[in-house]
Amino acid sequence: EDQVTQSPEALRLQEGESSSLNCSYTVSGLRGLFWYRQDPGKGPEFLFTLYSAGEEKEKERLKATLTKKESFLHITAPKPEDSATYLCAVQASQVNFGNEKLTFGTGTRLTIIP
Amino acid sequence: DTEVTQTPKHLVMGMTNKKSLKCEQHMGHRAMYWYKQKAKKPPELMFVYSYEKLSINESVPSRFSPECPNSSLLNLHLHALQPEDSALYLCASSQAQGLAAYNEQFFGPGTRLTVL
């Protein structure tokens, strides 16, 4: 069974204080790993897709990296508007018609203090 | 355009009511999804449609009935719900190619459902 574990559960940082969020996964063949940002009461907003170990993607203050067992979301010099829950999800590479299922982690609630 | 729209934004219904949630996308995606999300929990998959056919039903109670009238629209019909069904209902879409879908899912803003 595919599993995704995110840590820490919650993280409070001062504005400008860089840190990393972790996503550890167990999947029977990785098709893709996805990072989303979710604000309270809203739908998840797509951030990144990573397909293979060693891959890196960047967007503004965020950088996502991938190894064979985990992914990191690095946040550099965060601002208060970066406060949100960050979700990680994996998709397995089973070739079955209609198998588009994602397995989500429980998320990291990030708070940036001005 | 990576927008998925959902209506209504909020819905309050009694346990004997019948209501429907609607979702629309114009990205040419052929896979569409319904998720249920409780507070401080990740989205929980309910249904997947691929090429307008139901491909995954995660053992959802029959009081939830999905429908995919065409490749752009997805409905969720609600009947005789329970208070514990109150949650944020999210629609998403993605590319679906060949025998297996790939690529990222794009989510709508959700419908906040309250069952009294």
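Everything below is about the structure printed above this text.
Let us look at the structure shown here. (Residues numbered from 1 in each chain as written. Chains lettered and ligands numbered in written order. Predicted model: local features only at pLDDT ≥ 70, side-chain atom pairs only at ≥ 80, totals over all residues. Heavy atoms only, no water.)

### Focus on the packing of aromatic side chains
Per the counting criterion, the structure on display carries nine aromatic pairs over all chains. Plain terms: the ring middles of F46 of chain A and F106 of chain B are 5.6 Å apart, the flat faces sit at 65° to each other, and that makes the pair edge-to-face. Taken together, the positions of F46 of chain A in strand β5 (residues 45–50) and F106 of chain B in strand β12 (residues 106–107) put the pair across two chains. Judged on exposure class, the residue F46 of chain A and its partner F106 of chain B are both buried. Ring centres 6.3 Å apart and planes at 65° place the aromatic pair F104 of chain A and F107 of chain B in the edge-to-face group. In this pair, F104 of chain A sits in strand β10 (residues 103–104) while F107 of chain B sits in strand β12, so the two residues belong to two different chains. In this structure, F104 of chain A and F107 of chain B share a single accessibility class: buried. In this structure an aromatic cluster arises from ring pairing among Y36, F46 and F104 of chain A together with Y33, Y35, F106 and F107 of chain B. (Phe/Tyr/Trp six-rings, centres within 6.5 Å; stacked < 30°, edge-to-face > 60°. Helix = DSSP H or I, 4+ residues; strand = E, 2+ residues; numbered from the N terminus. Buried < 20%, exposed > 50% of the residue type's maximum accessible area, 1.4 Å probe, protein only.)

### Points about the pattern of salt bridges
According to the stated counting rule, one finds eight salt bridges over all chains in the structure shown. A salt bridge links D39 of chain A to R37 of chain A; the nearest nitrogen and oxygen atoms lie 3.1 Å apart. With a relative accessible area of 23%, D39 of chain A lands in the partly exposed category. Among the salt bridges present, the one from D85 of chain B reaches R63 of chain B, with a minimum N-O distance of 2.7 Å. Remark: R63 of chain B occurs in the loop between β6 (53–57) and β7 (64–70) and D85 of chain B occurs in the loop between β8 (73–79) and β9 (87–94); sequence separation between them is 22 residues. Given the relative accessible area of 2%, D85 of chain B is considered buried. Judged by relative accessible area, which is 24%, R63 of chain B ranks as partly exposed. When salt bridges that share partners are traced, they join K36, R63 and D85 of chain B into one network. (Salt bridge = Lys/Arg side-chain N within 4 Å of Asp/Glu carboxyl O.)

Worth remembering: the numbers are spatial, not functional.
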